[in-house]
Amino acid sequence: MIDLIQEIYGTIMRNKLRTALTGFSVAWGIFMLIVLLGAGNGLIHAFEKQSEDMMMNSMKIFPGYTSKPYQGMQEGRNISLDNRDREISATAFPEHVITAGATVSQSDVTLSYGKEFLSIGIDGVFPNYPELEAVKLKEGRFVNERDMSEKRKVMVLHEKTANTLFPRTQPIGKYINASGVAYQVVGIYTDQNSFSPSALVPFTTLQAVYAKGDSIDNITFTTKNLKDEADNEAFEADYRQVLGNVKRFDPTDDGAIWIWNRFTQYLQQQTATQILHIAIWVIGIFTLLSGIVGVSNIMLITVRERTHEFGIRKALGAKPISILWLIISESVTITTFFGYVGMVAGIAATEYMNVVAGKQTMDAGVFSMTFFENPTVDLSIAVQATLTLIIAGTLAGLFPALKAVKIRPIEALRAD
């Protein structure tokens, strides 16, 4: 064994530059694979973080404009939503709808407290709003049924809005001015997925204060017993049929109402995630192959250069297995050493990315969005990739070794 190690060492030292360049291609291949996997994981982890609090089994309905004539009426009619539509959504599909809510909004309201102020939108919501959206109550309480029935002027602020208006005091219980209307702050909420977080008030309060009548901006409900895209598409068709009969539009008219189905969107995003994973592995494997081809080439060159030596060995009685083992061992040594170097460098690079950009967040004051998080690779994945590389390196050395074994002593001794 010691003789084998010394012989491999001697061969490598005689060809330092060639071995170093080949080893670099091997190390670079595993390094790039790990870095690409880490970067892909950063994007995927950020997506999962954004989605973890959102109710994926939910749909949101928005009003639209008809794009088809219906019962003598021309296309282009505005389809509005009202309280009756929310009630229909909540009761017409008991086998599929769990709970339904609605939102009505008032934009460009100036909130002020003391010398602090900002312009923001106000949403009137139902008490079940946290069950429908990615909302978490941080302090205080949320809108309740009594607030709704008595049309109380209470408000739940986003934490960043609260920090702006109340930089040095506790906001719960304080009264703020909303363009001339006083609201008592009863709660603070967080919502990392909102691009423009609003102040939340009871649905009935906003309808009354801002003279909205019974109009609503959107309907949201959670669903059950819809397991795949086909089930969801069938439900959407049934929903359009029921609402089309009430609002008088063609059930096949996708423009009359817009349905944001979060479950089908989630499935599509999962498919995109899988495609990203596959693309990363394909690119990484081809990068590894370039290193493996390099190992195979250097072994072929080694065999050619040592043809005379192998002929002498066989003439002196060396067994073919010893020559085979010598070539494969050299190939495995180069692949293992430089593969390990590449793996360590790749893991170090992903850890550095995690420190520098592991919680990359787009922050615009009133909203924030994480788009890159924890770009690391599990150690088991890195080790498996390296072992795969070593196995490939063994195969890369096998073919040149077989060629060396087939050399006939008399031909080898005649070789230049």
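This text follows the structure it describes.
Residues numbered from 1 in each chain as written. Predicted model: local features only at pLDDT ≥ 70, side-chain atom pairs only at ≥ 80, totals over all residues. Heavy atoms only, no water.

**Quick notes on the side chain of arginine 240**
Put simply, the rule is: Here a strand is any run of E in DSSP of at least two residues, a helix any run of H or I of at least four, and the numbering for each starts at the N terminus. When accessible area is computed with a 1.4 Å probe and restricted to protein chains, residues below 20% of their type maximum are described as buried, those above 50% as exposed, and intermediate ones as partly exposed. Pairing of N or O atoms within 3.5 Å defines a polar contact, subject to two protein rules: one partner must be a possible hydrogen donor and the other a possible acceptor, and residues neighboring in sequence count only if both atoms are side-chain atoms. Only heavy atoms matter for contacts: two residues are in contact if any of them lie within 4.5 Å across the pair.
With respect to the helices, strands and loops of the structure, arginine 240 is situated in helix H8 (residues 229–247). The class of arginine 240 is buried, set by a relative accessible area of 9%. For arginine 240, the side chain forms a polar contact with the main-chain oxygen of isoleucine 257, separated by 3.0 Å. Filtering out sequence-adjacent residues up to four positions away, arginine 240 remains in contact with Phe249, Pro251, Asp253, Asp254, Ile257 and Ile259.

**A word on unusual backbone geometry**
Phi at glutamine 71 is positive, roughly 50°, even though this residue is not glycine. Relative to the assigned elements, glutamine 71 resides in the loop between strand E1 (58–65) and strand E2 (78–79). Overall, the relative accessible area of 54% leaves glutamine 71 in the exposed class. Unlike most non-glycine residues, alanine 211 shows phi in positive territory, near 50°. Position of alanine 211 relative to the elements: it lies in the loop between helix H7 (203–209) and strand E11 (215–216).

**Observations concerning a nonpolar patch on the surface**
Here is the rule we go by: Nonpolar side chains (Val, Leu, Ile, Met, Phe, Trp, Tyr) within 5 Å and like charges within 9 Å form the patches, drawn only from residues with over 30% relative accessible area and no salt bridge. Note that accessible areas follow from Shrake-Rupley with a 1.4 Å probe, and for residues the cover is restricted to the protein chains shown. Any carboxyl oxygen of Asp or Glu within 4 Å of a side-chain nitrogen of Lys or Arg constitutes a salt bridge here.
Side chains of Ile278, Trp281, Val282, Ile285, Phe286 and Leu289 sit close together on the surface and give an oily, nonpolar patch of about 570 Å² of accessible area. Along the polypeptide, valine 282 turns up in helix H9 (residues 262–305). Valine 282 gets classed as partly exposed once you look at its relative accessible area, which sits at 40%.

**Things to note about the packing of aromatic side chains**
Stated precisely, the cut-off is as follows: Two rings from Phe, Tyr or Trp (for Trp, the six-membered ring) form a pair when their centres sit within 6.5 Å of each other. Planes less than 30 degrees apart are called stacked, planes more than 60 degrees apart edge-to-face, and all others tilted.
Enumeration over the complete set of coordinates arrives at 12 aromatic pairs. Here phenylalanine 24 and tryptophan 28 contribute two aromatic rings whose centre-to-centre distance is 6.0 Å and whose plane-to-plane angle is 20°, an arrangement assigned as stacked. Of this pair, phenylalanine 24 and tryptophan 28 both sit in helix H2 (residues 16–51), 4 residues apart, roughly one helical turn. The class for phenylalanine 24 is exposed, based on a relative accessible area of 52%. On the basis of an interplanar angle of 85° and a centroid distance of 5.1 Å, the ring pair of phenylalanine 337 and phenylalanine 338 is categorised as edge-to-face. Judged by its relative accessible area of 18%, phenylalanine 338 falls in the buried class. Here the aromatic cluster, defined as three or more aromatic residues joined through ring pairs, consists of Phe93, Phe221, Phe235 and Tyr239.

**Section: the pairing of strand E9 (residues 181–190)**
The test is simple: Two strands qualify as a pair provided DSSP detects at least 2 bridges between them.
Among the 10 residues of E9, 7 are classified as buried, and the element is accordingly described as predominantly covered. Here strand E6 (residues 136–140) runs beside E9; their pairing, made up of 4 bridges, is antiparallel. Bridge pairing in E9 places glycine 140 opposite glycine 187. Taken together, the 5 bridges between strand E7 (residues 154–158) and E9 define a ladder with parallel strand orientation.

**A closer look at empty space enclosed by the protein**
To keep it simple, the criterion reads: We place a 1 Å grid over just the protein atoms. Points where a 1.4 Å probe fits but has no way out form a cavity, open points with protein on both sides within 12 Å along at least 5 of 7 lines form a pocket, and any residue with an atom within 4 Å of a point lines it. Grid points are joined across faces, edges and corners, and a volume is the space filled by probe spheres set on the points. In this classification, the charged set is Asp, Glu, Lys and Arg, the nonpolar set is Ala, Val, Leu, Ile, Met, Phe, Trp, Tyr, Cys and Pro, and all remaining amino acids, among them Gly, are polar.
For the coordinates displayed, the defined rule picks out 2 cavities of 30 Å³ or more. Its volume calculated, the largest cavity comes out at about 40 Å³. Around the largest cavity, the lining residues are Gly101, Ala102, Thr103, Tyr129, Leu132, Glu133, Asn218 and Thr220. Elements that contribute at least two residues to the lining of the largest cavity include exactly strand E4 (97–113), helix H4 (129–132) and strand E12 (218–223). By residue class, the composition of the lining of the largest cavity is 3 nonpolar, 4 polar and 1 charged.

**A few points about the nonpolar core**
What counts here: We define a nonpolar core as any set of buried Ala, Val, Leu, Ile, Met, Phe, Trp, Tyr and Cys residues linked to one another through side-chain atoms lying within 4.5 Å.
Formed by 53 residues in total, the largest nonpolar core has its most connected members in Leu111, Ile122, Met155, Leu157, Phe221 and Tyr239. Those residues in contact with tyrosine 239, other than ones at most four positions away along the chain, are Ile61, Ser89, Phe93, Ile219, Phe221, Ile257 and Ile259. Counting 28 residues, the second largest nonpolar core, distinct from the first, contains Val26, Leu324, Phe338 and Met343.

**Comments concerning helix H3 (residues 83–91)**
Note the threshold: The arc under discussion is defined with respect to the helix axis, by the directions toward the C-beta atoms.
Listed as buried for H3 are Asp85, Arg86, Ile88 and Ser89. Seen along its axis, H3 keeps its buried residues to an arc of 160°; they face one direction. Along its buried surface, H3 packs onto strand E3 (81–82), E4, E11, E12 and H8. For H3, the N-terminal capping position is held by aspartate 82, with its side-chain oxygen 3.1 Å away from the main-chain nitrogen of arginine 84.

**Describing H8**
Heads up, the rule is: In a helix, the anticipated span is given by 1.5 Å times the number of residues less one.
Taking 1.5 Å as the rise per residue, H8 with 19 residues should run 27 Å; its terminal C-alpha atoms sit 26 Å apart, in good agreement. Restricting attention to buried positions, one finds in H8 the residues Asn232, Phe235, Glu236, Tyr239, Arg240, Leu243, Gly244 and Lys247. For H8, the N-terminal cap is aspartate 228; the gap from its side-chain oxygen to the backbone nitrogen of alanine 230 is 3.2 Å. One or two positions beyond H8, positive phi appears at arginine 248, with a value near 65°.

**Quick look at the pattern of salt bridges**
Evaluation of the coordinates by the stated rule reveals 10 salt bridges. Here the salt bridges share partners, and the residues they tie into one network are Arg141, Arg146, Asp147, Glu150 and Arg152.

**Examining the packing of H3 against H8**
Threshold: Convention adopted: a line fitted to C-alpha atoms gives each axis, helices being fitted over their contacting stretch, and angles between N-to-C directions are expressed from 0 to 180 degrees. In a left-handed crossing the near helix is turned counterclockwise from the far helix by less than a right angle, and in a right-handed crossing that turn is clockwise.
The interhelical angle for the contact between H3 and H8, taken along N-to-C directions, is 150°, at an axis separation of 11 Å. The handedness of the crossing between H3 and H8 comes out as right-handed. Contacts between H3 and H8 pair Arg84, Asp85, Ile88 and Ser89 from the former with Tyr239, Val242, Leu243, Val246 and Lys247 from the latter. When the residues that make up the contact of H3 with H8 are grouped by side-chain class, the tally is 5 nonpolar, 1 polar and 3 charged.

**Quick look at the pairing of strand E5 (residues 116–125)**
Strand direction decides the pairing type here: E4 and E5, joined by 8 bridges, are antiparallel. Residue pairing for E5: threonine 110 is matched across the bridge by serine 119. Between E4 and E5, which pair antiparallel in sequence order, lie 2 residues; one of them, glycine 114, sits at a positive phi of approximately 65°. In this structure, E5 lies alongside strand E10 (residues 199–202), joined through 4 bridges in parallel fashion. Of the residues in E10, the one forming a bridge with glycine 124 is valine 201.

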